[in-house]
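Take a look at the letters that make up each chain.
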Amino acid sequence: MLKLENIMAGYGHITALKDISLEVPQGSIVSLIGANGAGKTTTMKTIMGLVKPTSGRVLFEGQDITGHKTHNIVHGGISLVPEGRQILQDMSVYENLEMGAYTRKDKEIDADIKKVFKRFPILDERSYQLGGTLSGGQQQMLAIGRALMARPKLLLLDEPSMGLAPLVVNEIFETIKEISADGTTVLLVEQNVRQALKIADYAYVLETGKMVLSGTADEVRHNPRVMEAYLGGRVE
Ligand SMILES: Nc1ncnc2c1ncn2[C@@H]1O[C@H](COP(=O)(O)OP(=O)(O)O)[C@@H](O)[C@H]1O
Ligand SMILES: [Mg+2]
């Protein structure tokens, strides 16, 4: 469904991605793992057209979308749950969800907001509250709900578990599994490697801008290098 081919990208003189290739098959959950500064967010931004690669291609459903405008990419079926959630603090939950549908013109937006409320009943209860008054976990649910409002075929999640309490983290991972089971393909960036590899089908490991390893999630989590660097020396 998604293919990155030999992507080089960065910021000014900084090259953040050095010849990155990856594939996300339709219906799968693919996890991208790596330490701080490895280039995970830059990879997401490149897919969304927020960072323009200096070389390489981004293909979505066989079409070259490299460097396309972000709203066109969203309209085409990819949406991003950004790192740090980035919900609108001074707007209500309901308005935040409406914002997620900004590329749509159809009449089913209200119906889709109801679907988000069904998935996250707490957002229904708080629909008139300002985004900034929600807890971290609720803000993450809102960020996911907002991304779903674009009706993505492919959902990108950038560190959805960051800063959340363990029970809330479990809930977020359960939600990601449900979204996947409902037919949305998922590319998941995580520093919570243990949990990410549990729900993923395939995984890629990024180190300082280079893809150093890839395989099925099982292969990757049994890799000695991954065990040592990300799993504290043991798989379970
Ligand atoms: N806006 C920016 N301007 C300059 N350098 C940046 C910017 N964003 C990220 N970088 C650099 O690019 C590299 C990759 O960053 P990033 O993609 O955010 O990594 P990750 O998400 O894996 O933590 C890092 O060296 C980081 O300092
Ligand atoms: Mg990041």
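Rules used in this analysis
- Residues numbered from 1 in each chain as written.
- Chains lettered and ligands numbered in written order.
- Predicted model: local features only at pLDDT ≥ 70, side-chain atom pairs only at ≥ 80, totals over all residues.
- Heavy atoms only, no water.
- UniProt positions renumbered as here; feature names shortened; annotations may be inferred.
- Helix = DSSP H or I, 4+ residues; strand = E, 2+ residues; numbered from the N terminus.
- Buried < 20%, exposed > 50% of the residue type's maximum accessible area, 1.4 Å probe, protein only.
- Polar contact = N/O pair within 3.5 Å; in protein donor to acceptor, adjacent residues only side chain to side chain.
- 1 Å grid on protein atoms, 1.4 Å probe; cavity = no way out; pocket = protein on both sides within 12 Å on 5 of 7 lines; lining within 4 Å.
- Points joined across faces, edges and corners; volume = space filled by probe spheres on them.
- Pairing = 2+ DSSP bridges.
- Axes fitted to C-alpha atoms, helices over the stretch in contact; angles between N-to-C directions.

- Looking at an unreviewed UniProt entry, the chain carries the name ABC transporter ATP-binding protein, with the source organism given as Veillonella tobetsuensis.
- The UniProt entry for the chain carries the following comment under Sequence similarities (unreviewed entry): "Belongs to the ABC transporter superfamily."

Comments concerning the side chain of Ser 161
For step 1, the next point in the chain: Inspection of the secondary structure assignment puts Ser 161 in the loop between strand 7 (154-158) and helix 7 (166-181).
For step 2, the next point in the chain: Note on Ser 161: relative accessible area 8%, which makes it buried.
For step 3, the next point in the chain: One polar contact links Ser 161 to Glu 190, side chain to side chain, over a distance of 2.9 Å.

As for the layout of surface pockets
For step 1, the next point in the chain: Roughly 460 Å³ of internal volume is contained in the largest pocket.
For step 2, the next point in the chain: As for the largest pocket, its lining consists of 21 residues, and the residues nearest its centre are Val 74, Leu 80, Pro 82, Tyr 102 and Arg 146.
For step 3, the next point in the chain: The volume enclosed by the second largest pocket comes to roughly 280 Å³.
For step 4, the next point in the chain: Along its surface, the second largest pocket is lined by Asp 112, Lys 115, Val 116, Lys 118, Arg 119, Leu 148, Met 149, Arg 151, Pro 152, Ile 179, Asp 182 and Thr 184.
For step 5, the next point in the chain: Per-element accounting of the lining of the second largest pocket gives the leading share, five residues, to helix 4 (residues 109-119).

Thoughts on helix 1 (residues 40-47)
For step 1, the next point in the chain: Of all eight residues making up helix 1, six are buried, and the element is well covered by its neighbours.
For step 2, the next point in the chain: Backbone geometry just after helix 1 places Gly 49 at a positive phi near 80°.

Considerations on the sheet that holds strand 3 (residues 29-33)
For step 1, the next point in the chain: The six strands lie next to each other as 6-7-8-3-9-10, forming an open sheet whose pairing is mixed. The open sheet has two edge strands with one neighbour each: strand 6 (78-81) and strand 10 (210-216). Direction aside, neighbouring strands of the sheet carry axes that sit 15° apart on average.
For step 2, the next point in the chain: Where strand 3 lies against strand 9 (residues 202-207), four bridges are found, and the strand directions are parallel.

Here's the deal with the pairing of strand 7
For step 1, the next point in the chain: Here strand 7 lies mainly inside the structure; five of its five residues are buried.
For step 2, the next point in the chain: Alternating positions in strand 7 separate into two faces, Leu 154, Leu 156 and Asp 158 on one and Leu 155 and Leu 157 on the other, with burial throughout.
For step 3, the next point in the chain: Two strands pair when backbone bridges link them, and strand 6 and strand 7 are joined in this way by four bridges, in the parallel orientation. In the strand pairing of strand 7, Ser 79 is matched with Leu 155.

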